[in-house]
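Summary of structural features
Residues per chain are reported as follows:
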Amino acid sequence: MSGLEGGARPRFRNIDVSQLSQYRLPAPGLVSILHRISGAMLFLLGIPFLLYLFQESLTSELSYQNFQQIASHWFAKLVLLGLIWSFIHHFCAGIRFLLLDVHIGVEKEQARAGAKIVLGASVFLTLVAALKLFGAF
Ligand code: HEM
């Protein structure tokens, strides 16, 4: 249900699918949903992919060459970059959630600032990792 309760800014309670385009998720909400998505990506894609690469890197000389070929392919690098972002975001957001659990940064403005720091730091660190992964330095 939505309405203009208590001011010009629309308030949303239980939103309907048709209202999704008008709903602006606040930064803490975005961090939260991305934390779940990144956790799922790390678990469902990260564990099997990294274990496979690890196995290929160790089994034999031939499998090591296969590992090198896969790891140097642009698409594999893109997948790795997705996993790197997932880990960095999940890690930073996880630390923020643990701090919230001990009542640090729970006030509205602090919670918003913390969420923006998490979003900014994870994008920045992922960009640095991307430059390294694609050989800029
Ligand atoms: C190493 C740093 C990590 C930290 C600090 C961390 C922290 C956290 C925290 C605090 C939660 C609970 C969030 C809540 O209260 O809702 C959580 C959930 C979760 N984590 Fe991690 N985690 C880390 C690594 C990982 C890794 C490596 C994986 C997967 C391989 C993972 C998968 C998940 C999943 C699937 C959830 C449940 C998400 C949800 O249901 O919303 N985490 N993590």
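Each remark here, short or long, concerns the structure printed above.
The structure reproduced in this document is the subject of the present report. (Residues numbered from 1 in each chain as written. Predicted model: local features only at pLDDT ≥ 70, side-chain atom pairs only at ≥ 80, totals over all residues.)

1. Looking at the overall build of the protein chain
To keep it simple, the criterion reads: Strands are runs of DSSP state E lasting at least two residues, helices are runs of H or I lasting at least four, and both sets are numbered from the N terminus onward. C-alpha atoms define the radius of gyration in this analysis, and the globule rule sets the expected value at 2.2 Å times the number of residues to the power 0.38. Burial is judged by counting the other C-beta atoms within 10 Å of a residue's own C-beta: 20 or more makes it buried, 12 or fewer makes it exposed, and any count in between marks it as partly exposed, with every C-beta position built from the backbone. The contact criterion used here is simple: two residues whose C-beta atoms, placed from the backbone, lie within 7 Å are in contact.
Regarding its fold elements, the protein chain presents 4 helices and 2 strands. Of the regular secondary structure in the protein chain, the N- to C-terminal order runs β-β-α-α-α-α. On C-alpha atoms alone, the protein chain measures out to a radius of gyration of 20 Å, which is more than a quarter above the 14 Å that the 2.2 N^0.38 rule sets for 137 residues. The principal-axis extents of the C-alpha atoms in the protein chain amount to approximately 70 × 35 × 30 Å. Here the protein chain holds 137 residues, and the buried ones make up 13% of them. Nonlocal contacts in the protein chain, meaning residues at least 24 apart in sequence, comprise 63% of its contacts between residues at least 6 apart.

2. Looking at the site of the ligand
Quick reminder of the rule: Nearness here has a simple definition: the residue's C-beta atom, placed using the backbone, must lie within 6 Å of the molecule or strand. When residues are grouped by polarity, Ala, Val, Leu, Ile, Met, Phe, Trp, Tyr, Cys and Pro land in nonpolar, Asp, Glu, Lys and Arg in charged, and all others, Gly among them, in polar.
Taken together, 14 residues are adjacent to the ligand, and Arg36, Gly39, Leu42, Phe43 and Gly94 come closest. Every element with two or more residues in the shell around the ligand is listed here: α1 (27–58) and α3 (74–101). Looking at the shell around the ligand, the element that brings in the most residues is α1, giving 8 residues. Of the residues contributing to the shell around the ligand, the split by class is 8 nonpolar, 5 polar and 1 charged.

3. Re the nonpolar core
Test applied: Residues of type Ala, Val, Leu, Ile, Met, Phe, Trp, Tyr and Cys that are buried and joined through C-beta atoms within 7 Å form what is called a nonpolar core.
Within the largest apolar cluster, 8 residues are counted, these being Val31, Ile84, Trp85, Ile88, Cys92, Ala93, Ala115 and Val118. At the level of secondary structure, the elements contributing two or more residues to this core comprise α3 and α4 (108–133). Leaving out residues up to four positions away in the same chain, isoleucine 84 has contacts with Thr126 and Ala129.

4. Comments concerning the environment of serine 63
Locating serine 63 in the fold gives a position in helix α2 (residues 61–72). Given 13 C-beta atoms within 10 Å, serine 63 falls into the partly exposed group. Counting along the chain gives 36 residues from serine 63 to alanine 27, while the straight-line C-alpha distance between them is 44 Å.

5. Some thoughts on the environment of alanine 71
Of note, alanine 71 is situated in helix α2. The spatial distance from the C-alpha of alanine 71 to the C-alpha of threonine 126 is 18 Å, given a sequence separation of 55 residues. For alanine 71, the residues in contact, after removing those within four places along its chain, are Leu53 and Ala76.

6. Here's the deal with unusual backbone geometry
Positive phi, close to 65°, is recorded for histidine 103, a residue that is not glycine. Along the chain, histidine 103 turns up in the loop between α3 and α4.

7. Description of α4
Quick reminder of the rule: Multiplying 1.5 Å by the helix residue count minus one yields the expected span of that helix.
Look at α4: 37 Å from first C-alpha to last across 26 residues, which is about the 38 Å you get at 1.5 Å a residue. Those residues of α4 lying buried are Gly114, Ala115, Val118 and Ser122. Looking one or two residues past α4, glycine 135 carries a phi angle of roughly 80°, positive in sign.

Interpretation note: all reported values are geometric properties and have no functional meaning in isolation.
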